[in-house]
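A look at the structure
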Amino acid sequence: MSLNKEFFKPIPSTDGVYGISETGEVVRIVKSPTSKGGILKTYCDSHGYKRLRVCIQGKTRLVYLHRLLAEAYLDNSDNKPCVICNALIIGIPPATAAS
């Protein structure tokens, strides 16, 4: 999907309902009767991390934007549970809590 000439890659944990661009903009790909479309709003939590609300299988969840970016764009063939946060996504490997 593209919006304003941006490519939105489906986010696996949302069953492809939401898509995310390389710049961190999230949209709902699969339309519902109640969705207005467009880019979802994010906000910063008390620690400075961007978060947003998504509805997955009828449940609203609060998720971190950097986790969605990593899930969609980084290869995690080792199934490591953490992401090292950085302003530059390209080349950041998944990690464990110890690293």
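In case you missed it, the structure is sitting above this.
Okay, so let's go over this structure. Positions within a chain are numbered from 1, following the residues in the order the chain's sequence is written. Reporting in this predicted model follows two pLDDT cut-offs: at least 70 for local features of residues, and 80 or more for side-chain atom pairs to be given and counted; totals over whole chains, interfaces and linings ignore these cut-offs and use all residues. Heavy atoms throughout the structure, all of them, feed into the side-chain values; hydrogens and water do not.

Moving on, we come to the pairing of strand 7 (residues 50-56). In this scheme, strands are said to pair when DSSP sees at least two bridges between them. Secondary structure follows DSSP: runs of H or I at least 4 residues long count as helices, runs of E at least 2 residues long count as strands, and numbering of each begins at the N terminus. Sheet analysis places strand 6 (residues 43-44) next to strand 7, joined by two bridges and oriented antiparallel. Across the sheet, the residue bridging to Y43 is R51, located in strand 7. Two strands pair when backbone bridges link them, and strand 7 and strand 8 (residues 59-64) are joined in this way by six bridges, in the antiparallel orientation. Its bridge partner lying in strand 8, I56 is registered against K59.

Looking now at the sheet that holds strand 4 (residues 18-20). Spatial strand order, 3-4-5: three strands in an open sheet with antiparallel pairing. The open sheet has two edge strands, strand 3 (9-10) and strand 5 (26-28), and neither has a second partner. Any two residues whose heavy atoms approach within 4.5 Å are treated as being in contact. The angle between two axes is taken between their N-to-C directions and runs from 0 to 180 degrees, where each axis is a line fitted to C-alpha atoms and a helix contributes only its stretch in contact. Contacts between helix 1 (residues 65-73) and the sheet are confined to strand 3, strand 4 and strand 5, with strand 4 contributing the most and set at about 85° to the helix.

What follows deals with the sheet that holds strand 8. Here three strands make up an open sheet; going across it, the order is 6-7-8 and the pairing antiparallel. Each edge of the sheet is formed by a strand with only one pairing partner; in this case those strands are strand 6 and strand 8.

A separate point is the packing of aromatic side chains. Ring geometry is summarised as follows: Phe, Tyr and Trp rings, the Trp one being its six-membered ring, pair when their centres sit within 6.5 Å, and such pairs are stacked at plane angles under 30 degrees, edge-to-face over 60 and tilted between the two. Summed over all chains, the structure comprises one aromatic pair. Where Y49 meets Y64, the ring centres are 5.8 Å apart and the plane angle is 75°; that geometry is what we call edge-to-face. Here Y49 is found in the loop between strand 6 and strand 7, whereas its partner Y64 is found in strand 8, with 15 residues between them in sequence. Categorising residues by exposure relies on relative accessible area from a 1.4 Å probe, with only protein chains included: less than 20% of the type maximum marks a residue as buried, more than 50% marks it as exposed, and the intermediate range marks it as partly exposed. Using a relative accessible area of 36% as the deciding quantity, one classes Y49 as partly exposed. The class for Y64 is partly exposed, based on a relative accessible area of 27%.

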